[in-house]
Amino acid sequence: MEKNTLTKLENTFEEDVYKGLTSYPKKLSSKYFYDEKGDKIFQQIMEMPEYYLTNAEYEIIDTYTPALAEIFKDEEKGFDLIELGAGDGKKTKILLQYLTKNNYKFSYLPIDISKHALLDLKTTLKKEFPQLEVVPKQGTYLDVLHELNEFKHRKKVIMMLGSNIGNMVHENAISFMQGIQKSMHKQDLLFMGFDQKKHPKKIIKAYSDKTGITEAFNKNILVRINNELDANFNPDKFIQWESYNPETGTAKSFLVATEPQTVFIRKMNLHVDFDAWETIHTEISQKYDLKTIDWIAGQVNLKIVNQYTDAQQLFKNFLFAI
Ligand code: AVJ
(Lines give C-alpha, C1' and ligand atoms only; values in the text may rest on other atoms or scores of the structure.)
Protein backbone atom coordinates (compact mmCIF):
# COMPACT_ATOMS: atom_id res chain seq x y z
CA MET A 1 0.00 0.00 0.00
CA GLU A 2 1.22 3.52 -0.76
CA LYS A 3 1.91 5.83 2.12
CA ASN A 4 -0.74 8.29 0.90
CA THR A 5 -3.46 5.66 1.04
CA LEU A 6 -2.35 4.80 4.53
CA THR A 7 -2.53 8.34 5.83
CA LYS A 8 -5.95 8.78 4.24
CA LEU A 9 -7.25 5.88 6.32
CA GLU A 10 -6.59 7.95 9.40
CA ASN A 11 -8.98 10.65 10.46
CA THR A 12 -7.83 14.16 11.15
CA PHE A 13 -8.11 15.79 14.56
CA GLU A 14 -11.09 17.82 13.35
CA GLU A 15 -13.01 14.79 12.04
CA ASP A 16 -12.36 12.82 15.20
CA VAL A 17 -13.45 15.70 17.43
CA TYR A 18 -16.65 16.12 15.39
CA LYS A 19 -17.51 12.43 15.52
CA GLY A 20 -16.58 12.07 19.17
CA LEU A 21 -18.54 15.05 20.44
CA THR A 22 -21.67 14.37 18.37
CA SER A 23 -21.99 10.74 19.47
CA TYR A 24 -23.53 9.44 22.66
CA PRO A 25 -21.77 8.72 24.92
CA LYS A 26 -19.15 11.32 23.93
CA LYS A 27 -15.53 10.36 23.39
CA LEU A 28 -12.16 11.88 22.42
CA SER A 29 -9.05 9.82 21.72
CA SER A 30 -6.07 9.93 24.09
CA LYS A 31 -3.78 10.03 21.06
CA TYR A 32 -4.61 13.75 20.99
CA PHE A 33 -3.19 14.31 24.49
CA TYR A 34 0.26 14.64 22.97
CA ASP A 35 1.16 18.07 21.63
CA GLU A 36 4.19 19.97 22.91
CA LYS A 37 2.44 20.73 26.21
CA GLY A 38 0.97 17.22 26.46
CA ASP A 39 4.44 15.69 25.95
CA LYS A 40 5.68 17.81 28.88
CA ILE A 41 2.78 16.78 31.12
CA PHE A 42 3.45 13.12 30.29
CA GLN A 43 7.11 13.64 31.35
CA GLN A 44 5.78 14.88 34.70
CA ILE A 45 3.50 11.84 34.97
CA MET A 46 6.48 9.54 34.49
CA GLU A 47 8.14 11.26 37.43
CA MET A 48 5.20 10.93 39.81
CA PRO A 49 5.69 8.32 42.57
CA GLU A 50 2.13 7.02 41.90
CA TYR A 51 2.93 6.22 38.26
CA TYR A 52 4.76 2.97 39.06
CA LEU A 53 5.01 1.86 35.39
CA THR A 54 8.12 3.86 34.51
CA ASN A 55 10.28 2.72 37.42
CA ALA A 56 9.14 -0.89 37.11
CA GLU A 57 10.07 -1.07 33.42
CA TYR A 58 13.28 0.84 34.09
CA GLU A 59 14.21 -1.83 36.64
CA ILE A 60 13.45 -4.62 34.15
CA ILE A 61 15.59 -3.10 31.41
CA ASP A 62 18.36 -2.23 33.83
CA THR A 63 18.42 -5.81 35.18
CA TYR A 64 18.19 -7.65 31.86
CA THR A 65 20.18 -5.43 29.50
CA PRO A 66 23.18 -7.79 29.18
CA ALA A 67 20.87 -10.77 28.56
CA LEU A 68 18.81 -8.81 26.03
CA ALA A 69 21.93 -7.60 24.21
CA GLU A 70 22.97 -11.23 23.69
CA ILE A 71 19.54 -12.17 22.31
CA PHE A 72 19.26 -9.06 20.10
CA LYS A 73 22.71 -9.32 18.52
CA ASP A 74 23.61 -10.58 15.06
CA GLU A 75 27.34 -11.01 14.86
CA GLU A 76 27.45 -11.11 11.08
CA LYS A 77 25.37 -8.17 9.86
CA GLY A 78 24.38 -6.39 13.07
CA PHE A 79 20.76 -5.42 13.68
CA ASP A 80 18.24 -2.58 13.45
CA LEU A 81 16.75 -1.58 16.78
CA ILE A 82 13.41 -0.02 15.87
CA GLU A 83 11.57 1.69 18.69
CA LEU A 84 7.87 2.49 18.28
CA GLY A 85 6.78 5.50 20.34
CA ALA A 86 10.29 6.40 21.42
CA GLY A 87 9.39 9.52 23.44
CA ASP A 88 12.42 10.78 25.37
CA GLY A 89 14.16 7.39 25.28
CA LYS A 90 15.04 7.41 28.97
CA LYS A 91 14.67 3.65 29.38
CA THR A 92 16.12 2.85 25.97
CA LYS A 93 19.29 4.77 26.83
CA ILE A 94 20.31 2.06 29.32
CA LEU A 95 20.24 -0.41 26.46
CA LEU A 96 21.95 1.96 24.00
CA GLN A 97 24.67 2.68 26.57
CA TYR A 98 25.42 -1.02 27.04
CA LEU A 99 25.26 -1.88 23.33
CA THR A 100 27.57 0.94 22.28
CA LYS A 101 30.01 0.44 25.17
CA ASN A 102 30.39 -3.23 24.27
CA ASN A 103 30.68 -2.55 20.53
CA TYR A 104 27.55 -4.37 19.39
CA LYS A 105 26.85 -3.72 15.70
CA PHE A 106 23.45 -1.99 15.35
CA SER A 107 21.54 1.13 14.33
CA TYR A 108 18.83 2.82 16.37
CA LEU A 109 15.62 3.85 14.59
CA PRO A 110 13.30 5.74 16.93
CA ILE A 111 9.78 6.28 15.57
CA ASP A 112 7.40 8.71 17.21
CA ILE A 113 4.32 10.70 16.32
CA SER A 114 5.86 13.80 17.92
CA LYS A 115 8.38 15.63 15.71
CA HIS A 116 9.36 17.66 18.73
CA ALA A 117 10.16 14.61 20.89
CA LEU A 118 12.24 13.09 18.05
CA LEU A 119 14.31 16.23 17.56
CA ASP A 120 15.08 16.43 21.27
CA LEU A 121 16.00 12.75 21.33
CA LYS A 122 18.29 13.06 18.31
CA THR A 123 20.14 15.97 19.96
CA THR A 124 20.69 14.24 23.30
CA LEU A 125 21.72 10.97 21.62
CA LYS A 126 24.27 12.81 19.47
CA LYS A 127 25.81 14.18 22.67
CA GLU A 128 25.67 10.98 24.73
CA PHE A 129 26.49 8.45 21.99
CA PRO A 130 28.35 10.30 19.22
CA GLN A 131 29.33 7.07 17.47
CA LEU A 132 25.78 5.64 17.35
CA GLU A 133 23.88 5.68 14.06
CA VAL A 134 20.44 7.19 14.76
CA VAL A 135 17.76 7.26 12.05
CA PRO A 136 14.64 8.97 13.44
CA LYS A 137 11.29 8.61 11.71
CA GLN A 138 8.19 10.66 12.38
CA GLY A 139 4.84 9.00 11.95
CA THR A 140 1.74 7.33 13.33
CA TYR A 141 1.44 3.62 14.12
CA LEU A 142 -0.06 3.05 10.67
CA ASP A 143 2.87 4.79 8.94
CA VAL A 144 5.14 2.71 11.11
CA LEU A 145 3.72 -0.60 9.94
CA HIS A 146 4.37 0.52 6.39
CA GLU A 147 7.94 1.53 7.24
CA LEU A 148 8.69 -1.78 8.96
CA ASN A 149 8.30 -3.69 5.71
CA GLU A 150 11.23 -1.73 4.28
CA PHE A 151 13.67 -3.28 6.74
CA LYS A 152 14.50 -6.69 5.45
CA HIS A 153 18.22 -6.57 4.76
CA ARG A 154 19.18 -7.58 8.31
CA LYS A 155 17.77 -8.66 11.65
CA LYS A 156 15.31 -6.26 13.19
CA VAL A 157 14.39 -5.91 16.82
CA ILE A 158 11.13 -4.02 17.19
CA MET A 159 10.59 -2.46 20.57
CA MET A 160 7.49 -0.90 22.07
CA LEU A 161 7.90 0.08 25.71
CA GLY A 162 5.77 1.74 28.37
CA SER A 163 2.56 -0.25 27.83
CA ASN A 164 1.63 1.98 24.89
CA ILE A 165 -0.22 -1.06 23.55
CA GLY A 166 -2.57 -0.61 26.54
CA ASN A 167 -4.22 2.39 24.89
CA MET A 168 -5.76 -0.01 22.35
CA VAL A 169 -8.81 -2.18 22.93
CA HIS A 170 -7.93 -5.86 22.34
CA GLU A 171 -9.34 -5.86 18.82
CA ASN A 172 -7.11 -2.95 17.77
CA ALA A 173 -4.09 -4.28 19.65
CA ILE A 174 -4.51 -7.55 17.76
CA SER A 175 -4.71 -5.95 14.31
CA PHE A 176 -1.75 -3.72 15.17
CA MET A 177 0.38 -6.65 16.35
CA GLN A 178 -0.76 -8.64 13.33
CA GLY A 179 0.69 -5.86 11.16
CA ILE A 180 3.98 -6.06 13.04
CA GLN A 181 4.02 -9.85 12.75
CA LYS A 182 3.58 -9.63 8.97
CA SER A 183 6.68 -7.44 8.72
CA MET A 184 8.81 -9.90 10.73
CA HIS A 185 11.17 -12.48 9.30
CA LYS A 186 12.57 -15.63 10.86
CA GLN A 187 15.27 -14.03 13.02
CA ASP A 188 13.37 -10.83 13.94
CA LEU A 189 12.18 -10.08 17.47
CA LEU A 190 9.44 -8.01 19.09
CA PHE A 191 10.11 -6.68 22.61
CA MET A 192 6.99 -5.22 24.15
CA GLY A 193 5.88 -3.80 27.53
CA PHE A 194 2.59 -4.83 29.17
CA ASP A 195 1.38 -3.35 32.43
CA GLN A 196 0.08 -6.09 34.72
CA LYS A 197 -3.13 -6.60 36.68
CA LYS A 198 -2.55 -5.70 40.32
CA HIS A 199 -4.34 -4.23 43.35
CA PRO A 200 -7.05 -2.02 41.83
CA LYS A 201 -6.25 0.78 44.31
CA LYS A 202 -2.69 1.01 43.00
CA ILE A 203 -3.96 1.34 39.44
CA ILE A 204 -6.56 3.96 40.35
CA LYS A 205 -3.87 5.98 42.19
CA ALA A 206 -1.53 5.88 39.19
CA TYR A 207 -4.24 7.43 37.00
CA SER A 208 -5.79 9.91 39.43
CA ASP A 209 -2.99 11.59 41.34
CA LYS A 210 -3.90 14.21 43.96
CA THR A 211 -1.63 16.85 42.42
CA GLY A 212 -3.86 16.97 39.34
CA ILE A 213 -1.17 16.20 36.75
CA THR A 214 -3.18 13.38 35.16
CA GLU A 215 -6.26 15.58 35.20
CA ALA A 216 -4.34 18.32 33.35
CA PHE A 217 -3.10 15.67 30.89
CA ASN A 218 -6.70 14.66 30.06
CA LYS A 219 -7.88 18.27 29.95
CA ASN A 220 -5.10 19.15 27.51
CA ILE A 221 -7.36 17.72 24.83
CA LEU A 222 -9.97 20.39 25.64
CA VAL A 223 -7.25 23.05 25.55
CA ARG A 224 -6.18 21.77 22.12
CA ILE A 225 -9.75 21.96 20.82
CA ASN A 226 -9.92 25.53 22.15
CA ASN A 227 -6.63 26.52 20.49
CA GLU A 228 -6.79 24.57 17.25
CA LEU A 229 -10.51 24.62 16.49
CA ASP A 230 -11.36 27.96 18.10
CA ALA A 231 -13.62 26.61 20.83
CA ASN A 232 -14.62 27.84 24.28
CA PHE A 233 -14.37 24.80 26.59
CA ASN A 234 -13.98 25.85 30.22
CA PRO A 235 -11.74 23.07 31.61
CA ASP A 236 -12.71 24.12 35.15
CA LYS A 237 -16.22 22.84 34.48
CA PHE A 238 -14.92 19.29 34.03
CA ILE A 239 -13.29 16.83 36.39
CA GLN A 240 -11.27 13.77 35.43
CA TRP A 241 -12.53 10.39 36.68
CA GLU A 242 -10.75 7.04 36.55
CA SER A 243 -12.38 3.63 36.74
CA TYR A 244 -10.80 0.19 36.83
CA ASN A 245 -12.54 -3.11 36.13
CA PRO A 246 -10.47 -5.85 37.78
CA GLU A 247 -12.19 -8.53 35.70
CA THR A 248 -11.36 -7.14 32.27
CA GLY A 249 -8.20 -5.28 33.41
CA THR A 250 -9.38 -2.11 31.70
CA ALA A 251 -8.62 1.25 33.33
CA LYS A 252 -10.85 3.89 31.75
CA SER A 253 -10.52 7.63 31.96
CA PHE A 254 -13.30 10.20 31.61
CA LEU A 255 -13.81 13.93 31.67
CA VAL A 256 -17.08 14.62 33.49
CA ALA A 257 -19.08 17.86 33.13
CA THR A 258 -19.87 19.25 36.58
CA GLU A 259 -22.76 21.44 35.34
CA PRO A 260 -24.92 21.77 32.23
CA GLN A 261 -23.15 23.79 29.55
CA THR A 262 -22.92 24.48 25.85
CA VAL A 263 -19.56 24.67 24.11
CA PHE A 264 -19.18 26.39 20.73
CA ILE A 265 -16.53 25.14 18.31
CA ARG A 266 -16.25 27.99 15.84
CA LYS A 267 -14.11 26.24 13.23
CA MET A 268 -16.83 23.61 12.73
CA ASN A 269 -19.73 25.92 13.58
CA LEU A 270 -20.79 23.28 16.09
CA HIS A 271 -22.65 23.71 19.39
CA VAL A 272 -22.04 20.87 21.83
CA ASP A 273 -24.49 20.53 24.74
CA PHE A 274 -23.52 18.84 27.98
CA ASP A 275 -25.95 17.73 30.64
CA ALA A 276 -24.72 17.92 34.20
CA TRP A 277 -22.47 14.86 34.86
CA GLU A 278 -22.31 13.92 31.20
CA THR A 279 -19.05 12.17 30.29
CA ILE A 280 -16.37 12.29 27.61
CA HIS A 281 -14.46 9.00 27.49
CA THR A 282 -10.80 9.82 26.80
CA GLU A 283 -8.48 6.86 27.38
CA ILE A 284 -8.15 3.20 28.18
CA SER A 285 -5.00 1.84 29.83
CA GLN A 286 -5.32 -1.93 29.59
CA LYS A 287 -3.77 -4.13 32.31
CA TYR A 288 -2.85 -7.67 31.30
CA ASP A 289 -2.43 -11.15 32.72
CA LEU A 290 -0.60 -14.11 31.18
CA LYS A 291 -3.78 -15.74 29.85
CA THR A 292 -4.66 -12.59 27.91
CA ILE A 293 -1.15 -12.13 26.48
CA ASP A 294 -1.06 -15.83 25.52
CA TRP A 295 -4.41 -15.39 23.77
CA ILE A 296 -3.26 -12.27 21.88
CA ALA A 297 0.02 -13.96 20.84
CA GLY A 298 -1.98 -16.92 19.52
CA GLN A 299 -4.32 -14.65 17.57
CA VAL A 300 -1.41 -12.98 15.76
CA ASN A 301 0.83 -16.04 15.33
CA LEU A 302 3.62 -14.81 17.57
CA LYS A 303 5.55 -17.09 19.91
CA ILE A 304 6.52 -15.94 23.40
CA VAL A 305 10.30 -16.43 23.60
CA ASN A 306 10.76 -15.00 27.08
CA GLN A 307 9.21 -12.72 29.69
CA TYR A 308 10.88 -10.36 32.12
CA THR A 309 9.48 -8.72 35.22
CA ASP A 310 10.48 -6.42 38.12
CA ALA A 311 10.88 -7.55 41.75
CA GLN A 312 7.28 -6.52 42.60
CA GLN A 313 5.89 -8.01 39.35
CA LEU A 314 4.11 -4.78 38.52
CA PHE A 315 5.11 -4.77 34.86
CA LYS A 316 6.27 -7.27 32.26
CA ASN A 317 8.20 -7.14 29.02
CA PHE A 318 7.61 -9.94 26.56
CA LEU A 319 9.91 -11.08 23.81
CA PHE A 320 8.11 -12.48 20.76
CA ALA A 321 9.27 -14.18 17.57
CA ILE A 322 7.39 -15.58 14.60
C1 AVJ B 1 1.71 6.31 27.57
C2 AVJ B 1 -0.24 5.01 27.15
C3 AVJ B 1 1.50 4.14 28.53
O4 AVJ B 1 -1.81 4.63 29.63
O5 AVJ B 1 -0.31 4.46 31.19
C6 AVJ B 1 -0.47 8.02 31.73
C7 AVJ B 1 -0.55 7.26 29.26
N8 AVJ B 1 -2.35 8.22 30.74
N9 AVJ B 1 -1.36 8.53 32.60
C10 AVJ B 1 -0.74 4.94 30.14
C11 AVJ B 1 -1.11 7.81 30.54
C12 AVJ B 1 -2.50 8.67 31.99
C13 AVJ B 1 0.16 5.96 29.42
N14 AVJ B 1 0.76 5.37 28.16
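Our structure's up above, just so we're on the same page.
Residues numbered from 1 in each chain as written. Predicted model: local features only at pLDDT ≥ 70, side-chain atom pairs only at ≥ 80, totals over all residues. Heavy atoms only, no water.

(A) Spotlight on the packing of helix 8 (residues 170-183) against helix 11 (residues 290-299). Between helix 8 and helix 11, the shortest axis-to-axis distance is 9 Å and the interhelical angle comes to 45°. Our classification of the angle between helix 8 and helix 11 gives oblique. Between helix 8 and helix 11 lies a crossing of right-handed hand. Judged by residue contacts, H170, I174, M177 and Q178 of helix 8 engage T292, W295, I296 and Q299 from helix 11. Split by residue class, the contact of helix 8 with helix 11 holds four nonpolar, four polar and no charged. (Axes fitted to C-alpha atoms, helices over the stretch in contact; angles between N-to-C directions. Helix = DSSP H or I, 4+ residues; strand = E, 2+ residues; numbered from the N terminus. Parallel < 35°, antiparallel > 145°, perpendicular 65-115°, else oblique. Left-handed = near helix turned anticlockwise from the far one by under 90°. Contact = heavy atoms within 4.5 Å. Nonpolar A, V, L, I, M, F, W, Y, C, P; charged D, E, K, R; others polar.)

(B) View of the pairing of strand 5 (residues 155-160). Across the six residues that make up strand 5, a large majority, six, are buried. Of the two faces of strand 5, the one lined by K155, V157 and M159 and the one lined by K156, I158 and M160 are each fully buried. Sheet topology note: the strand 2 (residues 79-84)/strand 5 ladder contains five bridges and is parallel. Opposite E83, over in strand 5, you have M159 as the bridge partner. (Buried < 20%, exposed > 50% of the residue type's maximum accessible area, 1.4 Å probe, protein only. Pairing = 2+ DSSP bridges.)

(C) Local environment of a positive patch on the surface. Together, K201, K202, K205 and K210 give the surface a local cluster of positive charge. Relative to the helices and strands, K205 resides in helix 9 (residues 200-206). (Patch = residues over 30% accessible without salt bridge, like charges linked within 9 Å, V, L, I, M, F, W, Y side chains within 5 Å. Areas by Shrake-Rupley, 256 points an atom, 1.4 Å probe, with all protein chains shown as cover. Salt bridge = Lys/Arg side-chain N within 4 Å of Asp/Glu carboxyl O. Lys, Arg positive; Asp, Glu negative; His and termini not counted. Charge placed at Lys NZ, Arg CZ, Asp CG, Glu CD.)

(D) The nonpolar core, seen in detail. Ranked by internal contacts, the top residues of the largest apolar core, which has 67 residues, are F72, L81, Y108, I225 and I265. In terms of nonpolar packing, the next biggest core, distinct from the first, is built from 29 residues, I158, I165, F194 and L302 among them. (Core = buried A, V, L, I, M, F, W, Y, C linked by side-chain atoms within 4.5 Å.)

(E) Structural view of the sheet that holds strand 3 (residues 106-112). Spatially, 4-3-2-5-6-13-12 is the arrangement adopted by the seven strands of the open sheet, whose pairing is mixed. The open sheet has two edge strands with one neighbour each: strand 4 (137-138) and strand 12 (303-309). Across two bridges, strand 3 lies against strand 4 in parallel orientation. From the neighbouring strand, D112 faces strand 4, where its bridge partner is Q138. Relative to strand 3, helix 6 (residues 115-128) is tilted by about 155°, and along the sheet it contacts strand 3 and strand 4.

(F) Structural context of the pattern of salt bridges. Inspection of the entire model under this criterion finds 17 salt bridges. Its salt-bridge partner being K267, residue E14 comes within 3.5 Å of it at the nearest N-O pair. With a gap of 253 residues between them, E14 in helix 2 (residues 13-22) and K267 in the loop between strand 9 (261-265) and strand 10 (270-274) connect regions that are remote in the sequence. A salt bridge links D195 to K198, with the shortest nitrogen-to-oxygen separation between them at 3.0 Å. Residue classification places D195 among the buried residues on the basis of a relative accessible area of 0%. Several salt bridges converge on common partners, so that one network encompasses E70, K73 and E75.

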